[in-house]
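Observations on chain architecture
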Amino acid sequence: MKKCILLLLLSVILLLSSRASPKTPALQLIAEKFSKDVGSQIQAMTHEVPVAVLSLQGDQALLGHEGRLLQELKQLLVFQLEAGNAIDKVEILNSGKVADALEDARRQGASILFRCVLGIKGKNLILTTDLYSLRKNFWERMLAPAPEGSSRHFFNAVRADKEIFLLMDSPKAPPYLGSWRLSQLLYLPKRILDLGMGDLDGDGTQEIILLLDDTIEVYTIEHGGFAPKHLVEYSLNKIPESKIVSRDPVGTLVVSDFNHDGKAEIFFNYFNRRYGQVLSWTGAKLVAVRKLDKNPLCLLRLASRPIVVYGEKVAGTNYFSPKVQVADINSSKGKTHELGAPFVTLRCWQGAQGSAEIIVVDTSGNLEEYSTNWVSKNSRNDCGAGVSLADLDGDGLAELIVSDHVWPGEPDSLKVISKGELAFSSKDLIGGVVAIAAADNSTDGVLLATVNTADHTSRVYLLGP
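Residues numbered from 1 in each chain as written. Predicted model: local features only at pLDDT ≥ 70, side-chain atom pairs only at ≥ 80, totals over all residues. Heavy atoms only, no water.

**Overview of the overall build of the chain**
Summing up its helical and strand segments, the chain has six helices and 29 strands in all. Out of the 465 residues belonging to the chain, those deemed buried represent 48%. Across the chain, the fraction of contacts at a sequence separation of at least 24, relative to all contacts at a separation of at least 6, is 52%. Roughly 23,700 Å² of accessible area belongs to the chain as shown, and the carbon and sulfur atoms make up 52% of that amount. (Helix = DSSP H or I, 4+ residues; strand = E, 2+ residues; numbered from the N terminus. Buried < 20%, exposed > 50% of the residue type's maximum accessible area, 1.4 Å probe, protein only. Contact = heavy atoms within 4.5 Å. Areas by Shrake-Rupley, 256 points an atom, 1.4 Å probe, with all protein chains shown as cover.)

**Concerning the sheet that holds strand 14 (residues 286-292)**
In space, the four strands of this open sheet follow the order 11-12-13-14, with antiparallel pairing throughout. In the strand order of this sheet, the two ends are held by strand 11 (251-256) and strand 14, each with one partner. Within the sheet, the average angular offset between the axes of one strand and its neighbour, ignoring direction, is 20 degrees. Here strand 13 (residues 276-281) runs beside strand 14; their pairing, made up of six bridges, is antiparallel. The partner of Val278 across the bridge, within strand 14, is Arg290. (Pairing = 2+ DSSP bridges. Axes fitted to C-alpha atoms, helices over the stretch in contact; angles between N-to-C directions.)

**Regarding the packing of aromatic side chains**
In total, this model carries six aromatic pairs according to the counting rule given. Ring centres 6.2 Å apart and planes at 85 degrees place the aromatic pair Phe268 and Tyr270 in the edge-to-face group. Joined through ring pairs, the aromatic side chains of Phe271, Phe320 and Phe343 make up one cluster. Stacked on the ring of Tyr275, the Lys or Arg Lys291 has its end atom at 4.4 Å from the ring centre. Of note, Lys294 hangs over the ring of Tyr310, and the distance from its end group to the ring centre comes to 5.6 Å. (Phe/Tyr/Trp six-rings, centres within 6.5 Å; stacked < 30°, edge-to-face > 60°. Lys NZ or Arg CZ within 6 Å of the ring centre and 35° of its normal.)

**What to know about the environment of Ile92**
Note on placement: Ile92 falls in strand 2 (residues 89-92). The class for Ile92 is partly exposed, based on a relative accessible area of 32%. Taking the C-alpha atoms as reference points, Ile92 and Phe114, 22 residues apart in sequence, are found 9.8 Å from one another. Other than its neighbours up to four places away in sequence, Ile92 contacts Leu54, Lys74 and Val78.

**Details of the pattern of salt bridges**
Throughout the structure, instances matching the rule amount to eight salt bridges. Note that Arg191 is salt-bridged to Asp213, the shortest N-O span being 3.8 Å. Taken together, the residues span a long stretch of sequence, with Arg191 in the loop between strand 6 (181-188) and strand 7 (192-198) and Asp213 in the loop between strand 8 (207-212) and strand 9 (215-220) at a distance of 22 residues. (Salt bridge = Lys/Arg side-chain N within 4 Å of Asp/Glu carboxyl O.)

**Side note on unusual backbone geometry**
Here Trp374, not a glycine, exhibits a phi torsion of approximately 65 degrees, which is positive. For Trp374, the location among the structural elements is in the loop between strand 21 (367-370) and strand 22 (376-380). Classification of Trp374 as buried rests on a relative accessible area of 12%. The backbone of Lys419 shows a phi angle near 55 degrees, a positive value even though the residue is not glycine. Here Lys419 lies in the loop between strand 25 (414-418) and strand 26 (421-426). Exposure remark for Lys419: the relative accessible area of 53% places this residue in the exposed category.

**A word on the sheet that holds strand 27 (residues 432-438)**
Judged by pairing direction, the sheet is antiparallel, and its four strands sit side by side in the order 6-29-28-27 without closing on themselves. Taken across any chain shown, the strands that pair with only one partner, and hence form the sheet edges, are strand 6 and strand 27. Direction aside, the axes of adjacent strands within the sheet are offset by 25 degrees on average. Here strand 6 pairs with strand 29 (residues 457-464) via seven bridges, running antiparallel. Within the sheet, the bridge partner assigned to Leu188 lies in strand 29 and is Ser458.

**Examining the pairing of strand 21**
The side chains of a regular strand alternate, first on one face of the sheet and then on the other. Relative to strand 21, strand 20 (residues 356-362) runs antiparallel, the two sharing four bridges. Of the residues in strand 21, the one forming a bridge with Val361 is Leu367. Counting the residues that bridge the hairpin from strand 20 to strand 21 gives four residues, and of these Gly365 lies at a positive phi of roughly 85 degrees. Of the strand pairs in this sheet, strand 21 and strand 22 are connected by four bridges, and their pairing is antiparallel. Along strand 22, the bridge assignment pairs Glu369 with Asn378. Taking the residues between adjacent antiparallel strands as the criterion, strand 21 and strand 22 are bridged by five residues, where Trp374 takes a positive phi near 65 degrees.

**Section: the nonpolar core**
In terms of nonpolar packing, the biggest core is built from 31 residues, with Leu73, Phe114, Leu125 and Leu127 touching the most fellow members. Elements with a minimum of two residues in this core: helix 2 (26-45), strand 1 (51-58), helix 3 (60-83), strand 3 (110-121), strand 4 (124-133) and strand 5 (152-159). When residues of this core are assigned to their parent elements, the largest contribution, seven residues, is made by helix 2. Leaving out residues up to four positions away in the same chain, Leu127 has contacts with Ile30, Phe34, Leu56, Leu73, Leu77, Cys116, Val117, Leu118, Phe154, Phe155 and Asn156. Of all hydrophobic cores here, the second largest spans 20 residues; its members include Leu200, Ile239, Tyr270 and Leu279. (Core = buried A, V, L, I, M, F, W, Y, C linked by side-chain atoms within 4.5 Å.)

Below is the structure:
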C-alpha cells in the first residue's frame with residue numbers, strides 16, 4: 001500500500017514538473033523543424049556534405065528595429081544546419097546584388113542556396129523556404145546568374161509566443177507587400193461589370209460577389225482562397241428595363257456590413273434598369289430588402305451613422321455626371337457635391353479609427369483624392385477604371401491599388417502604391433481591369449475583375465500574401 005502511494009506521489013511530482021518546465025521558444029522550434037526537413041531532403045539529393053548560403057527576409061515589421069527577430073532566427077538556423085550531418089558550413093547572404101553575392105558564394109564552394117521569408121499570419125509564425133542548386137557551369141551562369149527556379153520548397157509554421165512580439169515591438173506583423181502575388185481564381189464566359197467581397201453569412205470567411213449583365217453570382221472562398229465554389233445566383237429578370245440605356249453595360253456593386261451585425265449586405269444598380277436593390281443573405285437565398293433609385297458607389301460611417309455615396313448616371317453614356325449625392329442609409333435624398341469632371345469609378349476606404357479617404361477616376365484617367373468634406377487633396381494621371389483603397393499591410397493607412405490607363409485591347413497591368421512608393425506591380429493579367437474590391441479585413445487580399453473585350457470573357461484574380 002505504501003509503495004503504491006509513493007508511486008502515485010512520484011507520478012504527480014513528475015507531471016507538475018513537466019508542466020512547470022518552460023516551453024520551447026517559437027523561434028527555436030521553427031528552426032528545428034526547418035533543419036529537420038532540409039537535412040532529410042539534402043541527404044536524399046547528394047552524399048556529399050555541401051556548403052550552403054542562407055538568405056532570410058521578413059515583412060516590414062519584422063525588418064524594423066534593426067531586424068532583431070531576423071538576426072535571432074539567422075543564428076538559430078545557422079546553428080541547426082551546421083549541427084546536423086547534411087551541411088558542413090553555412091554562409092549568410094546579406095546585402096548587395098544577388099548575382100554578385102551568389103558568384104562569391106560559388107567561389108567559396110557553396111552548392112546550395114536557401115531563400116527564406118519569415119512572416120506572421122494570425123497567431124502563427126511562418127517560414128517559407130526555397131532551395132536552389134548553385135551548381136552551374138560558366139556559360140549557364142553568364143546566361144542566368146541568379147537561380148531560375150527552386151528545386152525544393154519547404155513550409156514551416158509554429159504558434160507565435162510572447163518572445164516573438166517582444167522582438168518585433170508590435171502586436172501583429174503586417175504582410176510584406178513586395179512578397180504578395182496575383183492568382184487567378186475564376187474564369188467566366190460572360191462579362192463582369194463590378195465585384196465585391198464580404199462576409200454575407202457571418203461565418204468569418206469572405207464571399208465573392210459578381211455583378212454580371214443580368215445576374216448576381218456569389219462564390220464562397222475555400223481552401224485558402226484558391227478554390228471558389230458557386231453558392232447562389234440572383235436573377236434580375238424581375239427588375240424592369242429602363243427606357244434610356246447606356247452605351248455599354250454598366251452597373252455598380254457595393255458590399256458592406258452597414259449595420260455592424262457581422263453580415264454584409266449587397267447594394268447594386270444598373271444603368272439600364274429602372275431601379276436597383278439591397279440584398280441580404282438568408283442562409284438559403286438572396287432576398288431584396290429595399291429598392292435603390294440611384295447607383296451606390298460606396299458606404300462610410302460619419303457621426304456614427306452609415307452614409308451612402310450615390311452617383312448620377314449620364315443617359316446614353318457609360319459614365320457618371322460630376323454630381324454625387326451623400327445620404328443617410330435610411331434617407332432617399334442627401335446633400336449633393338459637385339466634382340471636377342464626369343467620372344467612371346469612385347471608391348472609398350475607412351480605417352478603424354474613423355479616418356476616411358475617397359478616390360475618383362474621371363473619363364480622362366485622372367485620379368483625384370478627396371476628404372470626407374469633398375475637398376481635393378491629391379491627384380494622379382494615367383489611371384484605369386480599376387482602382388481601390390485598402391489597408392493591405394495592416395498599418396492603419398490605405399494603399400492605392402490601381403490599374404494602368406491603356407488603349408482598348410492592350411495588356412493591362414496593376415500597381416500598388418504604399419506611402420507614395422511603388423510597393424507591388426504585375427502584368428500577369430488577361431483582359432482589362434474593370435473593377436477592384438477589398439473586404440473589411442483587406443490584409444487577406446483584394447479582388448480584381450478583368451474582361452477580355454474580344455470575346456467578353458471575364459476573370460477574377462486575388463492579390464494576396
